[in-house]
Every structure is written in C-alpha cells, then in structure tokens.
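These are the residues of each chain, in order.
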Amino acid sequence: MFTHILIASLVSLINAASIVSRSQSYYPQPAVLGPQTTITIGNKVIAPDGFERSATLVNGIFPGPLIAAQKGDNFSIEVVNELKDETMFKSTSVHWHGIFQNRTNYADGTSFVTQCPIAQNHSFLHKFSAPNQAGTYWYHSHYSCDGLRGALVIYDPDDPLAYMYDVDDASTVITLSDWYHVVAPVLRHIIGTNANSSLINGLGRYAGGPASPLAVISVEQGKRYRMRLVAMSCDPNFNFTIDGHNFTVIEADGQLTEPLMVDQLQILAGQRYSVVLVADKPVDNYWIRSLPSLVGASYAGGTNSAILRYQGAPQVDPTTVETPVQDPLIETNLHALINPGAPGIPGYGNADINLNFQVTNNTGLFYINGVTFRPPTIPVLLQILSGAQDPSQLLPNGSVFVLEANKVVELTLSIATTAGGPHPIHLHGHAFDVVQSAGSSTFNYVNPVRRDVVSAGNNGQQMVIRWTTDNSGPWFLHCHIDWHLDAGFAVVMAESPSDTAAHIDPVPKEWDELCPTFYSLSPSQLGAAGNISYEEAATITTLLFPPSPLP
C-alpha cells in the first residue's frame, strides 16, 4: 500500500502543471499527501495577502497540503496538535468534509458532536474508508477559522467523464478562501464581521495593501483541464469567472453531474465544483476572477484575482477585460449523472419523515424552530454510546432530532428573519437530493442535483432536500458560514441512536481519552487569551454578542 501511495504521489507531482506567483518563474509544486499520512497543526506567521499575522496551519502552509487518494483507498490520518499561540485556540479538530464516515462516525472530526477537541501536545488517528466515493472534498477545523483548511480529492480511475479532460492533478485544484487580519477568537464576539481579503490558491491582496504575489495557473494551448474548485471560506461566497473562457460543470460536491456549460458560477462556503476548461484561446494571460460577496468588493489593484497563463505567454499581468456574463450557473439546471432521482414517493410532503425548520435571528444569534445551538459539554456521540437515545435525553435540548433508520427524510428549511445570506447548509454523513432550490418555485424529484452543501437563500426563501437515514449516528446540519455556526445556526440529526453502537466500528481507545484530556486543560492551555479577546473585539466595534465561555 505504501509503495502504491508513493508512486501515485510521484506521478501526480510529475504530471502537475506549474502554479507560480507573479514574482516567480517557477514555484514549488503543490504539497501532496497520500491517504495514509500525518498532518501537524501548528502556528506560523504568514502574509498570503501581504499582511503578516500568526495563523493556525497544517504543516506550516496555507492552504494545507492536498490529500490525494484513489477510489477505494483506506484513510489513516494522524492529526498532531502543536498549537502554541496564546491569541488563538490551542485545541483543535479536523472534519473531513463530504466523507460519509459510514461506520466511523467517531472519525468525522466535529467538536462536541462526534468528539472532544484534540488538546495541545496530543494527537488523534482518524481511520476511515470511503469505498463508494470519488470526487472533490476538503478538510477543515470545526473549532476556529484561522487557517486550518485544505483540499482532499479522491480520484476515480474509471471516471465515466474522463473522456472530457486531459489533465486532472494537484495543479488543477483551485482553492477560494477569505482571509482575516484579526484572529478568530476576537472576531467570534463581533456581530457581522467581514474578511479583509480573498485568496486564490492561498495568494491575494487586500484593498490599500501592497502588490502581493498572485497565483498563476499554467495551461497548455489545446489541452482540457479538470479544474476542481473548492470554496473553503469562513463566510463569503464567490462569483467565479475566467476572462474569455467558458467551462463545463461535471461535478458538484463529490457527485457527478450531467455536463453543463456556463461562463460564471456562484460557489458558496463549503461547496465544490469540477469544471472542464478547454485551453483553446490565443496564447496570452487571462484574469481569473473570484468576486466575494463582500461590500465594496472589486478587482481594483489585482484584488480577488489570479492569472491563467498559457504556456509561452510572457510573465506579465493580463490586460484582458471582464467578459459579460451570458450563461451563469443556475442550480436547477444541474442534474445528477449517476442514479438520478430523489428517494421516496415523489411529491412534496410524501416522505416517511417530513421536517420543517424555520430560521430566525435575534440580536445576532440564530434560532432553528426557536432554539439556538449551544455545544454540549459531552459530545452527542458519547451521550448515545452511554445510553441516551430519546430526544429528551440528548443534549443540547431542542437541537437534537432523532430519526428512525432507513427512512426517507424530506427537510424544508426556510429563512424567516436573518441577515448574511445566502446561507450554505451542510449535512454531515450524507449527500442529499435538492428537490427545491432556494429562489425557485419548482420541485424536481426526477433528476435533481445531488450534493452536500446547498443554499437556503435569503429572507423569505426556502430549500427542500431529501436523503435516506442509512448511516446511524449523530450528524451535524449547519450553516457553513463559520460565524453563523458560532452564533447557533445548527442542529444535530441523530439517526437511529438505538442502532449506533452496533453500526459503528469499535471506538478506539484514543477517542475515549479525548474528553478527559480536554476537560483537564487549564484556561491558559485552551488559549484564545481568555477575556482579552472580548476586550479586543470591543475596541473594533460595539456590535458584540454577550460575553460567552470558550468552546
């Protein structure tokens, strides 16, 4: 297995087209790890947009290294916590976004739902498989928003759409992220915080800042590239375009779609798309644009931009102009390629379990059916394995919904009175069929898009999704805007708690030790500077949440 992984990694590196910065002709190939590896979470001062700050990083880089696997590989990833910066949280966790974790709910990496955080100077081995999954995924912390995030790709040697592209490797993974000049423990106290910049493949600029290097993606004229877009932002969504180029969507969130040509796509936090880009334009440099949903966002001074450089083009900034959008991506135009069709009896309200969630906001906090999510002191999975099975027994009260096994669930989530939309809703442990997209009046039970993050829209809008409860365990359902999750926009779907102990693999001894270790930590070992973070937030704005304990 190790030899196979090593060979696959070498081939990936050899085939990779270069990603270079504006100021460098040649840039080291993207870091790539295999499915059996160790990642170290630590602190380092970096300046991805030209502003220096300490960050929480994987192996010292942002974004973290690509984790690349082949379909059917087993994962064994040791997460080592070497965090030391007192201004940020010194405990951590890593969620493997989009991986179903069937039989390994304890490896999902969701703090206070499936585990306690990993304490400073400790580690935890995540062992899991994804036997029937292939596509574009990612990993990130469910504990803070200070830089711990990276892409994870499972390649399928028998991809039915492989005939559409020539190149699909580490160089064609494109990460879109926001970046903050203030640490997350301070920002979490602020109602309505905004990013300072956005980054493409970890490079960008902020308004009024220096001409920091931009990412350059190199292509060869005549070749076709599977670009894997990963929106790993903490908040904004992005409108993604490449001057003068169309592209064909073939995947949404690890699920193949019928090919759909577009010239712009909106991608929300947590979402992923694979698009095929045909490099059929004259040899030149072209602006890649990723406009975030932030007030005043533009492309002035090279902000929110990267460069598509054809092989043979001079190493200069593009002079291309923004192309008028003709065919933007509309979610209802996406259709699942494999086994299309929502589960259960077609028709609204015809599922086995029909849920209606209404989301409201009051003084900055989010409520689902009148309840704001507050992380329990004992992870939900540990509660279940300790014997709790009824909703009245499971904490937090009013935020855990028990679902029977092997039932079709139809969830309607409507946005009543909230700010900061559109809200990207993510369900752990599943992909779901989007039978009604936000802003659409039509339902589609025949061939809707299947994915794991969907927009719930803005005030007055709703989305409707369906899935089957075939994966026993507690699964987080939440808004993927980190600040909204921190403000209570979440619930837990506890699928057949009575079956969970038998369904999941034996919980490793190291998992049992996470909570006692975490709760033995002193305030200084937790980090985030205690009350100092709240006091610092108060120097930035008066729009603050009431003081709250550290998570």
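Residues numbered from 1 in each chain as written. Predicted model: local features only at pLDDT ≥ 70, side-chain atom pairs only at ≥ 80, totals over all residues. Heavy atoms only, no water.

Draft legend 1. Up close: the overall build of the protein chain. Scanning the protein chain from terminus to terminus reveals eight helices and 33 strands. Expected size for 551 residues packed as a compact globule is a radius of gyration near 24 Å; at 22 Å, the protein chain falls within 12% of this value. With the C-alpha coordinates aligned to their principal axes, the bounding extent of the protein chain is approximately 65 × 55 × 50 Å. Across the 551 residues in the protein chain, those meeting the buried criterion constitute 59%. (Helix = DSSP H or I, 4+ residues; strand = E, 2+ residues; numbered from the N terminus. Rg over C-alpha atoms; globule rule 2.2 N^0.38 Å. Buried < 20%, exposed > 50% of the residue type's maximum accessible area, 1.4 Å probe, protein only.)

Draft legend 2. Geometry of unusual backbone geometry. The peptide bond linking Phe62 to Pro63 adopts the cis configuration, its omega dihedral lying at -10 degrees. In this structure, Pro63 sits in the loop between β4 (53-58) and β5 (64-70). Cis rather than trans, the peptide bond between Gly421 and Pro422 has omega equal to 0 degrees. Relative to the assigned elements, Pro422 resides in the loop between β26 (408-417) and β27 (424-427). Notably, Asn121 is not glycine yet its phi reads approximately 65 degrees, a positive angle. Residue position: Asn121 is located in the loop between β7 (95-97) and β8 (123-129). Taking the relative accessible area as the measure of exposure, Asn121 reaches 56% and is therefore exposed. Backbone geometry at Ser496 places phi at a positive 35 degrees, although glycine is not the residue there. For Ser496, the location among the structural elements is in the loop between β33 (490-495) and α5 (497-503).

Draft legend 3. Representation of the packing of aromatic side chains. Within the structure shown, the criterion is met by 17 aromatic pairs. Ring geometry for Phe62 and Trp179: centres 4.9 Å apart, planes at 50 degrees, overall tilted. One end of the pair, Phe62, is in the loop between β4 and β5; the other, Trp179, is in strand β11 (residues 173-179), with 117 residues separating them in the sequence. Under the relative-accessibility criterion, Trp179 is labelled buried at 3%. Centre to centre, the rings of Tyr180 and Trp483 are 5.5 Å apart; their planes meet at 80 degrees, and the pair counts as edge-to-face. Placement of the pair is Tyr180 in the loop between β11 and α2 (184-187) and Trp483 in helix α4 (residues 482-486), with a sequence separation of 303 residues. Across this residue pair, the class does not change: Tyr180 and Trp483 are buried. Three or more aromatic residues joined by ring pairs form one cluster here, namely Phe89, Phe112, Tyr143, Phe518 and Tyr519. Stacked on the ring of Trp179, the Lys or Arg Arg53 has its end atom at 5.4 Å from the ring centre. Above the ring of Tyr299, the side-chain terminus of Arg289 is found at 4.8 Å from the ring centroid. (Phe/Tyr/Trp six-rings, centres within 6.5 Å; stacked < 30°, edge-to-face > 60°. Lys NZ or Arg CZ within 6 Å of the ring centre and 35° of its normal.)

Draft legend 4. Fine view of empty space enclosed by the protein. Applying the stated criterion to the full structure yields three cavities of 30 Å³ or more. Its volume calculated, the largest cavity comes out at about 60 Å³. What lines the largest cavity is simply Arg53, Phe62, Cys145, Asp146, Gly147, Arg149, Asp178, Trp179, Tyr180 and Cys234. Looking at the lining of the largest cavity, its residues break down into five nonpolar, one polar and four charged. Each pocket or cavity is described by its volume, and for the second largest cavity that value is around 40 Å³. Lining the second largest cavity, in full, are Thr56, Leu83, Phe89, Ser91, Thr92, Ser141, Tyr143, Ser144 and Leu148. In terms of residue class, the lining of the second largest cavity is built from four nonpolar, five polar and no charged. (1 Å grid on protein atoms, 1.4 Å probe; cavity = no way out; pocket = protein on both sides within 12 Å on 5 of 7 lines; lining within 4 Å. Points joined across faces, edges and corners; volume = space filled by probe spheres on them. Nonpolar A, V, L, I, M, F, W, Y, C, P; charged D, E, K, R; others polar.)

Draft legend 5. Quick look at the pairing of strand β3 (residues 36-46). By the bridge criterion, six bridges tie β3 to strand β6 (residues 74-81) in an arrangement that is parallel. Bridging across to β6, Thr37 finds its partner in Ile77. With six bridges joining them, β3 and β4 adopt antiparallel strand pairing. Bridge assignment links Val45 to a residue of β4, and that residue is Ser54. (Pairing = 2+ DSSP bridges.)

Draft legend 6. Spatial organisation of helix α6 (residues 509-518). All of the buried residues along α6 are Trp511, Leu514, Cys515, Thr517 and Phe518. In an axial view of α6, the angular spread of the buried residues amounts to 165 degrees, which keeps them on one side of the axis. Set apart from the buried face of α6 by more than 90 degrees, the exposed residues are Lys509 and Pro516. Buried residues in α6 make contact with β8, α3 (380-385) and α7 (523-526). (Arc of directions from axis to C-beta. Contact = heavy atoms within 4.5 Å.)

Draft legend 7. Region of interest: the pattern of salt bridges. Applying the stated rule across the entire model yields 21 salt bridges. Residues Lys90 and Glu86 are paired through a salt bridge, measuring 2.8 Å at the closest nitrogen-oxygen approach. Judged by relative accessible area, which is 4%, Lys90 ranks as buried. Among the residues examined, Glu86 registers a relative accessible area of 44% and is labelled partly exposed. Across the pair Arg451 and Glu331 runs a salt bridge, and its minimum N-O distance is 3.0 Å. (Salt bridge = Lys/Arg side-chain N within 4 Å of Asp/Glu carboxyl O.)

Draft legend 8. Structural detail: the nonpolar core. Core analysis: the largest hydrophobic core is formed by 79 residues, its most contacted members being Leu265, Tyr273, Leu308, Phe357, Ile425, Trp467 and Met493. The residues touching Leu265, leaving out its near neighbours within four places in the chain, are Leu229, Phe238, Asn239, Phe240, Phe247, Val249, Tyr273, Val275 and Leu329. The next biggest cluster of nonpolar side chains, apart from the first, holds 38 residues, and it includes Ile41, Ile67, Val79 and Cys116. (Core = buried A, V, L, I, M, F, W, Y, C linked by side-chain atoms within 4.5 Å.)

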